[in-house]
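So the chains spell out like this:
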Amino acid sequence: MAFLITGGARSGKSSFAERYAARLAKRGFYVATATVEDDEMSERIGRHRQQRESSGFQWTTIEEPRRLAERLNALMCDIDTAGGEPPVVLVDCLTLWLTNYLLAYEHEPIERLEQEIDKLAQAVAAYRYPLLLVTNEVGSGIVPAYPLGRTFRDAAGRMNRIMADACERTFLVVSGIPVDLSRIAVSLDEL
């Protein structure tokens, strides 16, 4: 039961995901993909962590910058073994995860990145418990001036399409307002 939550920067997608998670379970795992590269990012991560802690919802934070598919598979096995009411898993965010891979394998063929996206999509599709995936919608602006930026934008677009296909529902958050894209989607057969 996976849900994709997308939107622009600062659109409110993480806040919506956290509130939605609290409706799906009594506790959760927050899988953070960000890495601390500078003081500003350290402060940003600290604010996010403080917001989660003050929410009243019981979060356990797991930092996983790259091995996300493996982590989801391991969490599912742990939940299977533990029994009881399963916790929700919230991954924030897929575009940072993608950035981590892209920078690590910048000089390798794009197929390597596509294999990682496919591996993650398989893990998401197989996941049997509540799973929320936060991602950025990055392709609505100008074409990036540099090759790496264009590669990232294109890979993020492909990743989001693949993840939306693997998820039960997809939400777009704009100005703090969530829109259920799955409910308003149009099929070509309907046109």
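See above for the structure.
In this report, the structure presented in the accompanying data block is examined. (Residues numbered from 1 in each chain as written. Predicted model: local features only at pLDDT ≥ 70, side-chain atom pairs only at ≥ 80, totals over all residues. Heavy atoms only, no water.)

Some points on the overall build of the protein
Part 1 of the argument: Each helix and strand counted, the protein has 7 helices and 7 strands in total.
Part 2 of the argument: Expressed along its principal axes, the backbone C-alpha trace of the protein runs to roughly 50 × 50 × 35 Å.
Part 3 of the argument: Across the protein, contacts joining residues at least 24 apart in sequence account for 79% of those joining residues at least 6 apart.
Part 4 of the argument: Accessible area of the protein: about 10,600 Å², with a carbon and sulfur share of 51%.
Part 5 of the argument: Treating the 22 positive side-chain charges of the protein as one cloud and the 27 negative ones as another, the clouds have centres 4 Å apart. (Helix = DSSP H or I, 4+ residues; strand = E, 2+ residues; numbered from the N terminus. Contact = heavy atoms within 4.5 Å. Areas by Shrake-Rupley, 256 points an atom, 1.4 Å probe, with all protein chains shown as cover. Lys, Arg positive; Asp, Glu negative; His and termini not counted. Charge placed at Lys NZ, Arg CZ, Asp CG, Glu CD.)

So, the pairing of strand β4 (residues 88-92)
Part 1 of the argument: Burial analysis of β4 places 5 of its 5 residues in the buried class, the great majority of the element.
Part 2 of the argument: Burial along β4 is two-sided: the face carrying Val 88, Leu 90 and Asp 92 and the face carrying Val 89 and Val 91 are both buried.
Part 3 of the argument: Of the strand pairs in this sheet, strand β2 (residues 27-32) and β4 are connected by 5 bridges, and their pairing is parallel. Bridging from a neighbouring strand, Val 31 pairs with Val 91 of β4.
Part 4 of the argument: The pairing of β4 with strand β5 (residues 131-136) spans 4 bridges and is classified as parallel. Paired with Asp 92 across the bridge in β5 is Val 134. (Buried < 20%, exposed > 50% of the residue type's maximum accessible area, 1.4 Å probe, protein only. Pairing = 2+ DSSP bridges.)

Comments concerning a nonpolar patch on the surface
Part 1 of the argument: The grouping of Ile 177, Val 179, Leu 181 and Ile 184 at the surface amounts to a nonpolar patch, some 330 Å² of accessible area in total.
Part 2 of the argument: Contributing elements (two or more residues each) for the nonpolar patch: β7 (177-180) and α7 (181-184).
Part 3 of the argument: Residue placement: Val 179 occurs in strand β7. (Patch = residues over 30% accessible without salt bridge, like charges linked within 9 Å, V, L, I, M, F, W, Y side chains within 5 Å. Salt bridge = Lys/Arg side-chain N within 4 Å of Asp/Glu carboxyl O.)

Quick word on the side chain of Thr 33
Part 1 of the argument: Tracing the backbone shows Thr 33 in the loop between β2 and α2 (39-54).
Part 2 of the argument: In contact with Thr 33, other than residues within four places in its own chain, are Glu 64, Pro 65, Leu 68, Val 91, Asp 92, Cys 93, Leu 96, Trp 97 and Asn 100.

A word on helix α5 (residues 110-126)
Because each turn of an α-helix spans 3.6 residues, side chains separated by three or four positions in sequence point in the same direction.
Part 1 of the argument: End to end, α5 covers 25 Å across 17 residues, agreeing with the expected 24 Å (1.5 Å per residue, within 8%).
Part 2 of the argument: Residues of α5 that are buried include every one of Leu 113, Glu 116, Ile 117, Leu 120, Ala 121, Ala 123 and Val 124, and no others. Relative to the axis of α5, the buried residues are bounded by an arc of 160° and lie together on one face. Turned more than 90 degrees off the buried face of α5, the exposed positions are Gln 115, Gln 122 and Ala 125.
Part 3 of the argument: The inward-facing, buried residues of α5 contact β1 (2-7), α3 (68-82), α4 (94-104), β5 and α6 (147-166). (Expected span 1.5 Å × (residues − 1). Arc of directions from axis to C-beta.)

As for the pairing of β7
Part 1 of the argument: Pairing analysis gives 4 bridges linking strand β6 (residues 169-174) to β7, with the strands arranged antiparallel. For Phe 171, the partnering residue across the bridge sits in β7 and is Asp 180.
Part 2 of the argument: Where β6 hands over to β7, the hairpin turn is made up of 2 residues, of which Ser 175 adopts a positive phi near 50°.

Regarding unusual backbone geometry
Part 1 of the argument: The linkage connecting Asp 92 with the following residue, Cys 93, adopts the cis geometry, with an omega of 5°.
Part 2 of the argument: On the secondary structure map, Cys 93 appears in the loop between β4 and α4.
Part 3 of the argument: A positive phi angle, near 60°, is found at Arg 10, a position not held by glycine.
Part 4 of the argument: Mapped onto the fold, Arg 10 is located in the loop between β1 and α1 (13-24).
Part 5 of the argument: Since its relative accessible area comes to 60%, Arg 10 is described here as exposed.
Part 6 of the argument: Phi is positive for Ser 175, close to 50°, though the residue is something other than glycine.
Part 7 of the argument: Residue position: Ser 175 is located in the loop between β6 and β7.

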